[in-house]
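# Observations on the model geometry
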Amino acid sequence: MSKKAYQFLAFDLGAESGRAILGTLMNHKIDLQVIHRFKTEGLTMLGVRQWDLARIYEEMCFALHKCAKDYTPDLDGIGVDTWGVDFGLIAEDGSVIGNPVHYRDKRTQGIMEYAFSIVPKEEIYKITGIQFLPFNTLFQILSLIKAKSPFLKIAHSLLLMGDLFGYLLSGVQSCEYSNASTTQMLDAKERTWSKTLIQKFSIPSHILQDIVPPGTILGGLLPEILHFTGISPETPVIAPATHDTACAVAAIPILDTTEPWAYLSSGTWSLLGTELNEPNITVDSMEAGFTNEGGVGNKIRFLKNIYGLWLVQECRRIWEREGSSISYDELTNEAEKSEPFKALIPVNESRLLAPENMPKTIQTICEELGFPIPKTRGEIVRCALESLAINYRQTIKSLNKLLGHNIKKLHIVGGGVQNKLLCQMTADACNMPVIAGPVEATVLGNIGVQAMAVGAIKSPQEIREVISNSTTLEKYSPINPELWDKWDI
């Protein structure tokens, strides 16, 4: 790092909220400053659950303006990471065709069965290595084809969410590898679009962009954004790993790789897996629900998608709507005081994806399984947290079997690190040491890849070294692992 300090702006957009965070890279450390926080929650309009693209874009422009005015206009890069699978359609004149539809929208109900009638499930997995989820991009596009959507007919290109925001900032259309890998249309071994699936599903191939690696420099900010924000015109817009989990995995501060390790990116979703050099595509991995997604440095994120703290987030939203203002810390405290193992649920139950009332849905599932119905907020949240920990235990067991060796330690990164109760439950349930941190893994990974793009950091391993220097980790050791042995559900 020849320059004294580098400054990068990371936009980290999640399903609940977004942040603009300034990262200063100096002396082999990254210092973070939050510029702006804002809501990203979708809305339902004319019966369609969708993202409010214009409002999110407006918040991003405000954040750029605030950065230039209150911090610095001279940035070494701007990068956006987001959730996967969702997309925007772009017309021939470059305009966006409507709001992107939310992955929790009902349009993909029953679409997987329809897809399997065209191409067998086993064939799709053999090509893509991707876990079957009804909202994967493949199934969203297929729902448009089946419905004969006029939007798809006039679309000139399709941009996944991270690439869509990169386009709105720079005017450059691209498709970054880590996000492309979540679509279930990518050939996992060739790392290119699958011609077989595109042909058999009659997907218009012209809408798919050429795939670019993480750390691709797209170009400068559009003139109107420069004029409004005051950001330096020399600032490049960079495609980091545009998939948020790929950024989070790139930021795992693992320096000693001699022991087999796994990661848990804990937030709205729980993504639990490990890092491989090549995809693991077998009948066993398909049946266990594992996915092979792209990562930084051409790595494979071999993981399982698990409904995560979404369970608690949705409970809190319902309780707030009913008039109870309560923080996540307060809910965790109430859960900690509640009776352990009173009731448990299978956390990937389809009814939990987008229920109208999460607390009532959890209660209904508990009753159906023969457990006492959790009644208080603390009991419901404890049920959710313990059920997550048990799912992590089961996933680690599956991972051990698929890899042919045992995982020895688990790194937890992301917002879930702040839930100390869940971290301890995870250490106990999995009966292994848990290393928790950093909370801002996604942002740090975003900044690390941007830094690598401009030559300030030389390799993915150096990203991890820098992040290890930049954060304090907390270790959780198993205390009562035997209490969890009988609760595999």
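See above for the structure.
What you are looking at is a predicted structure, and each value in this text was computed from that prediction instead of being measured. (Residues numbered from 1 in each chain as written. Predicted model: local features only at pLDDT ≥ 70, side-chain atom pairs only at ≥ 80, totals over all residues. Heavy atoms only, no water.)

## Section: the overall build of the protein
Regarding its fold elements, the protein presents 18 helices and 21 strands. On C-alpha atoms alone, the protein measures out to a radius of gyration of 22 Å, which is about the 23 Å that the 2.2 N^0.38 rule sets for 489 residues. Dimensions of the protein along its principal axes, counting C-alpha atoms only, are 60 × 55 × 50 Å. Evaluated residue by residue, the protein yields a buried proportion of 60% over its 489 residues. The contacts in the protein between residues at least 6 apart in sequence include a share of 72% that link residues at least 24 apart. Working note: accessible area of the protein is about 19500 Å², and carbon and sulfur atoms make up 50% of it. Across the protein, the centroid of the 45 positively charged side chains sits 3 Å from that of the 55 negatively charged ones. (Helix = DSSP H or I, 4+ residues; strand = E, 2+ residues; numbered from the N terminus. Rg over C-alpha atoms; globule rule 2.2 N^0.38 Å. Buried < 20%, exposed > 50% of the residue type's maximum accessible area, 1.4 Å probe, protein only. Contact = heavy atoms within 4.5 Å. Areas by Shrake-Rupley, 256 points an atom, 1.4 Å probe, with all protein chains shown as cover. Lys, Arg positive; Asp, Glu negative; His and termini not counted. Charge placed at Lys NZ, Arg CZ, Asp CG, Glu CD.)

## Observations concerning the packing of helix α13 (residues 328–336) against helix α15 (residues 377–403)
Where α13 meets α15, the closest approach of the two axes is 7 Å, and the angle between their N-to-C directions is 85 degrees. By the angle between their directions, the pair α13 and α15 is classed as roughly perpendicular. From α13, Leu331, Glu334, Ala335 and Glu336 reach across to α15, where they touch Arg377, Gly378, Val381, Arg382 and Leu385. Considering only residue class, the contact of α13 with α15 consists of 4 nonpolar, 1 polar and 4 charged. (Axes fitted to C-alpha atoms, helices over the stretch in contact; angles between N-to-C directions. Parallel < 35°, antiparallel > 145°, perpendicular 65-115°, else oblique. Nonpolar A, V, L, I, M, F, W, Y, C, P; charged D, E, K, R; others polar.)

## Here's the deal with the pairing of strand β16 (residues 269–276)
β16 sits mainly inside the fold: 7 of its 8 residues count as buried. As paired strands, strand β15 (residues 261–266) and β16 are joined by 4 bridges and run antiparallel to one another. Looking at the pairing, Ser266 lines up with Ser270 of β16. Remark: 2 residues form the turn of the hairpin made by β15 and β16, two consecutive strands paired antiparallel. Sheet topology places β16 next to strand β18 (residues 300–307); 8 bridges connect them, and they run antiparallel. The residue bridging Ser270 from the neighbouring strand is Ile306, located in β18. (Pairing = 2+ DSSP bridges.)

## So, the sheet that holds β15
Ordered in space as β17-β18-β16-β15-β19-β20-β21, the 7 strands form an open sheet in which the pairing is mixed. Of all strands in the sheet, those bounded by a partner on one side alone are β17 (291–294) and β21 (474–476). Between one strand axis and the next, the sheet turns by 30 degrees as a mean value, whatever way the strands run. With 3 bridges connecting them, strand β20 (residues 434–436) and β21 associate as antiparallel partners.

## A closer look at the sheet that holds strand β6 (residues 77–81)
Judged by pairing direction, the sheet is mixed, and its 6 strands sit side by side in the order β3-β2-β1-β6-β14-β13 without closing on themselves. Looking at strand neighbours, the two that pair on one side only are β3 (29–39) and β13 (216–220), the edges of this open sheet. The mean inter-strand angle of the sheet, taken between neighbouring strand axes irrespective of direction, is 25 degrees. Across 5 bridges, strand β1 (residues 6–13) lies against β6 in parallel orientation. Paired with Asp12 across the bridge in β6 is Asp81.

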